[in-house]
Amino acid sequence: MNWDTGKSQYLSATTRRMTGKAQEETEVPANDGYMLSSGPLVDSLRKIRNLETVGEIRREISSLREERDLLDLPDSAFIAEELRQAYEAYTVERARYYIDRLVKSLTVVREGKINDLNLNRWKELDDLITDSLWILENRDRSGTHNAGYWGNFVPQIPRQLMKRFTKKGDWVLDPFSGSGTTLIESLRLGRNCIGVDLSQDAVDLAARNLEKSENPYGVYAGTTLGDSSLVDFPSMLKSRGAGSVQLVIMHPPYWDIIKFTDNRGDLSNSTSLDAFLNGLGNVAEKCINVLDRGRYLALVIGDKYTGGEWIPLGFRAMSVVQERGMLLKSVIVKNYDATRGKRRQEELWRYRALLGGFYLFKHEYIFLFQKPV
Ligand SMILES: C[S@@+](CC[C@H](N)C(=O)[O-])C[C@H]1O[C@@H](n2cnc3c(N)ncnc32)[C@H](O)[C@@H]1O
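Residues numbered from 1 in each chain as written. Predicted model: local features only at pLDDT ≥ 70, side-chain atom pairs only at ≥ 80, totals over all residues. Heavy atoms only, no water.

1. Topic: the site of the ligand
Inclusion rule: A cutoff of 4 Å decides nearness: a residue is near a molecule or strand if any of its heavy atoms lies inside that distance of it. Two N or O atoms count as a polar contact when they lie within 3.5 Å, although within protein this holds only if one can serve as hydrogen donor and the other as acceptor, and sequence-adjacent residues are included solely when both atoms are side-chain atoms. Where accessible areas are quoted, they stem from the Shrake-Rupley method and a 1.4 Å probe; at the residue level, only the protein chains shown are allowed to cover. Here the nonpolar group is Ala, Val, Leu, Ile, Met, Phe, Trp, Tyr, Cys and Pro; Asp, Glu, Lys and Arg are the charged ones; every other residue, Gly included, is treated as polar.
Every one of the 23 residues lining the ligand counts as a neighbour, but Y149, S179, T181, D197 and H251 are closest to it. In the model, a nitrogen atom of the ligand is placed 3.1 Å from a nitrogen or oxygen of the G265 main chain. Here the ligand loses 99% of its free accessible area of 600 Å² to cover by the protein chains. The class makeup of the residues in the shell around the ligand is 9 nonpolar, 11 polar and 3 charged.

2. Quick word on the sheet that holds strand 9 (residues 291-301)
Our working definition: DSSP bridges decide pairing: two strands pair if at least two such bridges lie between them. Per the convention used, a helix needs a DSSP run of H or I reaching at least four residues, while a strand needs a run of E reaching at least two, with both numbered from the N terminus. In this analysis, two residues are considered to be in contact whenever any of their non-hydrogen atoms come within 4.5 Å of each other. Here an angle of 0 to 180 degrees is reported between the N-to-C directions of two axes, which are lines fitted to C-alpha atoms, with helices fitted over the stretch in contact.
Spatial strand order, 4-12-13-9-8-5-6-7: 8 strands in an open sheet with mixed pairing. Each end of this open sheet is capped by a strand with a single partner; those strands are strand 4 (133-134) and strand 7 (221-225). Across the sheet, helix 9 (residues 200-212) is in contact with strand 6 (192-197) and strand 7; its angle to strand 7 comes to roughly 165°. Sheet strands in contact with helix 11 (residues 273-289) are strand 5 (171-174), strand 8 (245-250) and strand 9, and its direction is about 150° off that of strand 9.

3. Overview of helix 7 (residues 156-165)
To be explicit about the condition: Whether a residue is buried, partly exposed or exposed follows from its accessible area with a 1.4 Å probe, protein chains only, as a fraction of its type maximum: under 20%, in between, or over 50%, in that order.
Of all the 10 residues making up helix 7, 7 are buried; the element is thus mostly covered by neighbouring parts of the structure. Within the span of helix 7, buried status applies to Q156, I157, P158, Q160, L161, M162 and F165.

4. Quick notes on the packing of helix 2 (residues 39-49) against helix 6 (residues 92-107)
Threshold: Roughly parallel here means an angle under 35 degrees, roughly antiparallel means over 145, roughly perpendicular means 65 to 115, and every remaining angle is called oblique. Note on convention: the crossing is left-handed when the near helix lies turned anticlockwise from the far helix by less than a right angle, right-handed when the turn is clockwise.
Closest axis-to-axis distance for the helix 2/helix 6 pair is 10 Å, and the angle between their directions is 160°. Classified by the angle their axes make, helix 2 and helix 6 are roughly antiparallel. For the pair helix 2 and helix 6, the sense of crossing is left-handed. Across from L41, V42, L45, R46, I48 and R49 in helix 2, the residues of helix 6 making contact are R96, I99, D100, L102, V103, L106 and T107.

5. Some remarks on the packing of aromatic side chains
Put simply, the rule is: Planes of paired rings set the category: under 30 degrees apart is stacked, over 60 is edge-to-face and the rest tilted, where pairs are Phe, Tyr or Trp rings (Trp by its six-membered ring) whose centres lie within 6.5 Å. Whether a charge sits over a ring depends on NZ of Lys or CZ of Arg being within 6 Å of the ring centre and within 35 degrees of the ring normal.
By the definition in use, this model includes 9 aromatic pairs. Relative to Y98, the ring of Y97 has its centre 5.3 Å away and its plane inclined at 65°; by these criteria the two rings are edge-to-face. Among the residues examined, Y97 registers a relative accessible area of 38% and is labelled partly exposed. Residue classification places Y98 among the buried residues on the basis of a relative accessible area of 14%. Put simply, the rings of F315, Y365 and F367 touch in pairs and so form one group of aromatic residues. Lying across the ring of Y87, R65 places its NZ or CZ 4.8 Å from the centre. A cation sits over an aromatic face here: R352 above W349, 4.6 Å from the ring centre.

6. What to know about the side chain of Q370
Mapped onto the secondary structure, Q370 falls in strand 13 (residues 363-370). In this structure the side chain of Q370 is engaged in a polar contact, spanning 2.9 Å, whose partner is the backbone oxygen of G294.

7. Some points on the pairing of strand 13
The buried fraction of strand 13 is high, at 7 of 8 residues. Pairing analysis gives 6 bridges linking strand 9 to strand 13, with the strands arranged antiparallel. Following the sheet pairing, Y296 is matched in strand 13 by Q370. When strand 12 (residues 327-335) meets strand 13, the two strands line up antiparallel, connected through 8 bridges. Paired with N335 across the two strands is H363, which belongs to strand 13.

8. Examining the pattern of salt bridges
Keep this limit in mind: Whenever a carboxyl oxygen of Asp or Glu lies within 4 Å of a side-chain nitrogen of Lys or Arg, that contact is scored as a salt bridge.
Under the counting rule described, the total for this entry stands at 18 salt bridges. The closest approach of N and O atoms between D170 and R295, which form a salt bridge, is 3.2 Å. Taken as a pair, D170 in the loop between helix 7 and strand 5 and R295 in strand 9 lie far apart in primary sequence, 125 residues in all. The residues D170 and R295 share a single accessibility class, namely buried. Taken together, the salt bridges that share partners define one network made up of E111, D116, K167 and R191.

9. Observations concerning the environment of D43
Along the chain, the position of D43 falls in helix 2. Note on D43: relative accessible area 42%, which makes it partly exposed. In this structure, the C-alpha to C-alpha distance between D43 and V103, residues 60 residues apart in sequence, is 9.0 Å.

10. Examining unusual backbone geometry
Even without a glycine there, the phi angle at W255 is positive, about 50°. Position of W255 among the secondary structure elements: in the loop between strand 8 and helix 11. Note on W255: relative accessible area 10%, which makes it buried.

11. Points about the nonpolar core
Our working definition: Here, the term nonpolar core denotes a set of buried Ala, Val, Leu, Ile, Met, Phe, Trp, Tyr and Cys residues that are joined through side-chain atoms within 4.5 Å.
In this structure, I157, M250, F276, L297 and L299 are the most contacted members of the largest nonpolar core, which totals 65 residues. By residue number, the principal contributor to this core is helix 11, which donates 8 residues. Setting aside chain neighbours within four positions, we find I157 in contact with W134, L136, V300, K334 and I366.

12. Some points on the packing of helix 2 against helix 3 (residues 54-66)
Between helix 2 and helix 3, whose axes approach to 10 Å, the crossing angle comes to 165°. Judged by the inter-axis angle, helix 2 sits roughly antiparallel to helix 3. In this structure, helix 2 meets helix 3 at a crossing whose hand is right-handed. For the pair helix 2 and helix 3, the contacting residues are L41, S44, L45 and I48 in the first and I57, E60, I61 and L64 in the second. Class assignment for the residues of the contact of helix 2 with helix 3 results in 6 nonpolar, 1 polar and 1 charged.

Right under this line is the structure:
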């Protein structure tokens, strides 16, 4: 049997999109990026689920699995796994449950309010991390991403956040945009992104990176030179055609660990921990003001060791955002790659740790907040 008689039929299949908590369903065409198989397979599955015995169901599933055209479907691996479960069921009720679930996943898109993920196909979302411990082995260096800016973060961080907490066409704000990692990633994922940084070098570098990046969805991504504690975000957004943002990603300096510029407004030049936290709070407040209710803010930051003492910069910064009325949703611990300099001196640092009675930094935090509805 021909399960999928070509792209036009595949695209013209209709599906129901469920929205919101109430899961109200609306009919939408299936040509919005989901891998939906065409009618014949669904028809066969509906017939099989009405069979009376496990034996009959198994026999029909077996012959279905042998259909060569099934293998050509874009989602054949997913379908095969679901069919396996139905085949191995011991009761008719269980087999019907698996078949109904497969039919639903092929015909109904259950989309989240704040992302484009189809929760009826959640098993296929295996690139998304759902644990609070993130071990990211290798930096993504594909496309225009590179590790050239000292203090940048790995692209996997903004990618994970944008996929889970934004939809295509949403607006993302990065008030410490540096070399533009978030911006490059936003182009790839079809999200609009506004970046601000007070380092001219960083803004120029980000602009060069963006110029070389592809923009397959035709969205906006750009950085502006400025101090994020002073910028008029509502006007900036308005001038780019946005009224508010749907995600904020903050990756500030880890106080004075890396000095970025000589500018007095640069948070890395803060003369005390309190001054740093105060400056960070000002930026957070401005970002929260333009963030939609129910939407997310992520703060990426690490700790610091100074004067023989571990300074819990991360948790102090987390409190600063919490105090501004944001709900803490997750504390994510991410492995931290030692800087090149430290890597060369690994043995020396190990010796220092043993001598000094402390542990070497191998992690940083991603604090995830939601603006109350
Ligand atoms: C940790 S880096 C961000 C790196 C960025 N995520 C990337 O991947 O390239 C922090 C950035 O904040 C900038 N910065 C510091 N204080 C600032 C302020 N008050 N307003 C805007 N940017 C600031 C620094 O110039 C630096 O580029």
